[in-house]
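# Fold and contact review
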Amino acid sequence: MNDTTKKIAGTAGSLLLLGSMGAGAVTAFAEEAPEAAPAGDELSLSEGVQRASAEAVQGDFSYTQTLVSSNDAIARAMGAAAYLCGNGAFEDDEFAGDATQWPIAIGGDVQNSYVATVAELQADPEAQKSIMGCSCAGNPADGSASVNAEVTGVAVAHLLEMAGVEADANTVVFRSADGYEVALPLRYITQHYCPVVFDVNDSPIARTVGGANQLWLGSTSARYFAKNIVSITVETRDEAPATPGSEEAGDTYANLPNVGVFFGGDVA
């Protein structure tokens, strides 16, 4: 195979990295174009092979975890595919015109089952805003299916606390209006910030990813972000579901934290 050797070139403009990491995505951008590599530091490119290696790369960058993607960018990245973040938007439902009246039943192996509407979640003193990341599990390292958003919701742990979970319970099942289900270990819910979200960037979630509500999970692939939740059921199983991100769950990905690359210095 013939190898073609080229010198490292500087990048014109700013470089913006956006990805899901913990409670929010990481954003990094070059403050100025990096200097060309000194003589001797060479980048080897093999014809037809998407791999590169270099002894040294120089450049300055900074990062922040407070920038958020616009609602238009979120709608493009997360609202396009029906199963990119949970299931698709609700249609032909009696609550489609007023998402605030959407009911969510909390029950199962609990002491006090109850039903709460989105309006009641909005009025709950425990409702809070948080900057969180949302990334498609299959987003490539240079993909755009990764956003950072300021979401408003109520932690599932708080909803379960009000219900009084039975001592032996180990599983929480989120069921969507179309039958889509996500089952998670109870301990995962208590160890991660997992809110039922109703607003994104101070706008109803229907204007971004669609629907009346959506489960968001910190440090977790968006494949678990169930939408239009109608019930949260606590169960006691012989064995709890596999932990997201584990080999047992079959969703271990090398591209974590997930990163998308954007040019121009703006979070679209």
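Scroll up to find the structure this text is about.
Scope of this entry: the structure provided in the associated data block. Predicted model only: the values in this text are computed from it and were never measured.

The next subject is the sheet that holds strand β7 (residues 103–108). In spatial order, the strands read β8-β7-β16-β11-β12; together these 5 strands make up an open sheet with mixed pairing. The open sheet has two edge strands, β8 (114–117) and β12 (181–185), and neither has a second partner. Between one strand axis and the next, the sheet turns through 15 degrees on average, direction left out of account. With 4 bridges joining them, β7 and β8 adopt antiparallel strand pairing. The residue of β8 that forms the bridge with Ile104 is Ala116.

This part covers the environment of Asn228. With respect to the helices and strands, the residue Asn228 is situated in the loop between β15 (214–215) and β16 (229–235). Through-space distance from the C-alpha of Asn228 to that of Asn213 is 5.1 Å; in sequence the pair is 15 residues apart. In terms of polar contacts, Asn228 uses its side chain to reach the backbone amide nitrogen of Ala212, at 2.8 Å.

Attention now goes to the nonpolar core. With 45 residues, the main nonpolar core has Leu160, Phe174, Trp216 and Ile232 as its most contacted residues. Non-local contacts of Phe174, meaning those with residues more than four positions away in its chain, are made with Val156, Tyr180, Glu181, Val182, Leu184, Ile189, Leu215, Ala226, Ile229, Ser231 and Ile232.

Pairing is possible between side chains of opposite charge, provided their charged atoms come close. Scanning all chains against the criterion turns up 2 salt bridges. Residues Lys129 and Asp202 are paired through a salt bridge, measuring 2.6 Å at the closest nitrogen-oxygen approach. Linking Lys129 in strand β9 (residues 128–135) with Asp202 in the loop between β13 (195–200) and β14 (203–204), this pair joins segments that are 73 residues apart in sequence.

As a further point, take the pairing of β12. Alignment of strand β11 (residues 171–176) against β12, held across 5 bridges, turns out to be antiparallel. Its bridge partner being in β12, Val173 is matched across the sheet by Ala183. Connecting the antiparallel pair β11 and β12 is a turn made up of 4 residues, with Gly179 showing a positive phi of about 95 degrees.

Each value, and the rule that gives it
Residues numbered from 1 in each chain as written. Predicted model: local features only at pLDDT ≥ 70, side-chain atom pairs only at ≥ 80, totals over all residues. Heavy atoms only, no water. Pairing = 2+ DSSP bridges. Helix = DSSP H or I, 4+ residues; strand = E, 2+ residues; numbered from the N terminus. Axes fitted to C-alpha atoms, helices over the stretch in contact; angles between N-to-C directions. Polar contact = N/O pair within 3.5 Å; in protein donor to acceptor, adjacent residues only side chain to side chain. Core = buried A, V, L, I, M, F, W, Y, C linked by side-chain atoms within 4.5 Å. Buried < 20%, exposed > 50% of the residue type's maximum accessible area, 1.4 Å probe, protein only. Contact = heavy atoms within 4.5 Å. Salt bridge = Lys/Arg side-chain N within 4 Å of Asp/Glu carboxyl O.

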